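# Understanding the architecture of this molecule
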Amino acid sequence: QTVWFIDSLVNGDLKELLAFAQGLIDRNIKVTWSGFARNDGRMNREYIQTLIKSGCMHLLIGVESGSQRVLDLIQKKVKVSEIEQNFKDFADLDWFYSGTSWFVGFPGEEPTDVAETMTLVWRLRNSGASDKGFGVCNQNSDSPLMLERDRFKISHFNWGGNWFTTDWSNTIAHRIIRYKSVCILQNHYRMHGVRERFLGKKSNQPDFDDHCKITYDPSNWVNDIPYETDFNY
């Protein structure tokens, strides 16, 4: 039996989740379970190990962005370093069943923030983040983002996928270009044998391959992209 918790977060209350997991272990209840979660620096290796032992087979984690500035705008209340540590712990425990969701185009996001997101995606390529789904930021009806349009300087004339900021620095055109960039990176994964849960399957929009062709200079190959402070991408 597998139980899928359809809720915003299974780890919104870490103490309650740990009690649930330990309860399954103590009672020898053989069940697998999964759900949506968030990265949290308080989830150390011992905590994660307990979840796995209790039957947790998969978590879908909303990472959203690799830019600390954007994470703060979203109010994720997590550090990039904590995100990376979570997935490093997953990998060290040989647990490669944690899916991740990301998006580009949050109001206030700059090209440098997108580059930082792509840097984190690359740094996580052999971690416990087994698959990475990308999308673009939408302004859905009655969502917190729509209700705070003025704070984020979003025009009141459009919403949904076609929203734009009042200074026109973030439009659907900007978001599609950024989305295409991350799709190219994911297809680069697929072509070069990075361990992905869905290795061999084109990521996101397969027809993006028809729009560009990537060639590589082996002499410039970099396996590990370091973090750089205030780097002008």
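Rules of the game
- Residues numbered from 1 in each chain as written.
- Predicted model: local features only at pLDDT ≥ 70, side-chain atom pairs only at ≥ 80, totals over all residues.
- Heavy atoms only, no water.
- Phe/Tyr/Trp six-rings, centres within 6.5 Å; stacked < 30°, edge-to-face > 60°.
- Helix = DSSP H or I, 4+ residues; strand = E, 2+ residues; numbered from the N terminus.
- Buried < 20%, exposed > 50% of the residue type's maximum accessible area, 1.4 Å probe, protein only.
- Lys NZ or Arg CZ within 6 Å of the ring centre and 35° of its normal.

### Examining the packing of aromatic side chains
Aromatic rings considered in pairs are described by the distance between their centres and by the relative angle of their planes. Taken as a whole and assessed by the stated rule, the structure comprises 10 aromatic pairs. Ring centres 5.4 Å apart and planes at 80 degrees place the aromatic pair Trp-4 and Phe-36 in the edge-to-face group. One end of the pair, Trp-4, is in strand 1 (residues 2-5); the other, Phe-36, is in strand 2 (residues 32-37), with 32 residues separating them in the sequence. Overall, Phe-36 belongs to the partly exposed group, its relative accessible area being 27%. Ring geometry for Phe-106 versus Phe-152: centroids 5.2 Å apart, planes at 80 degrees, classification edge-to-face. Residue Phe-106 is located in the loop between strand 4 (98-104) and helix 5 (111-123), and its partner Phe-152 is located in the loop between helix 6 (144-147) and helix 7 (172-191); the two are separated by 46 residues in the primary sequence. As far as the burial class goes, Phe-106 and Phe-152 line up, both buried. An aromatic cluster is defined as three or more aromatic residues linked by ring pairs; in this entry it consists of Phe-5, Phe-20 and Trp-33. Residue placement shows Arg-125 over the ring face of Trp-122; its charged tip is 4.2 Å from the ring centre.

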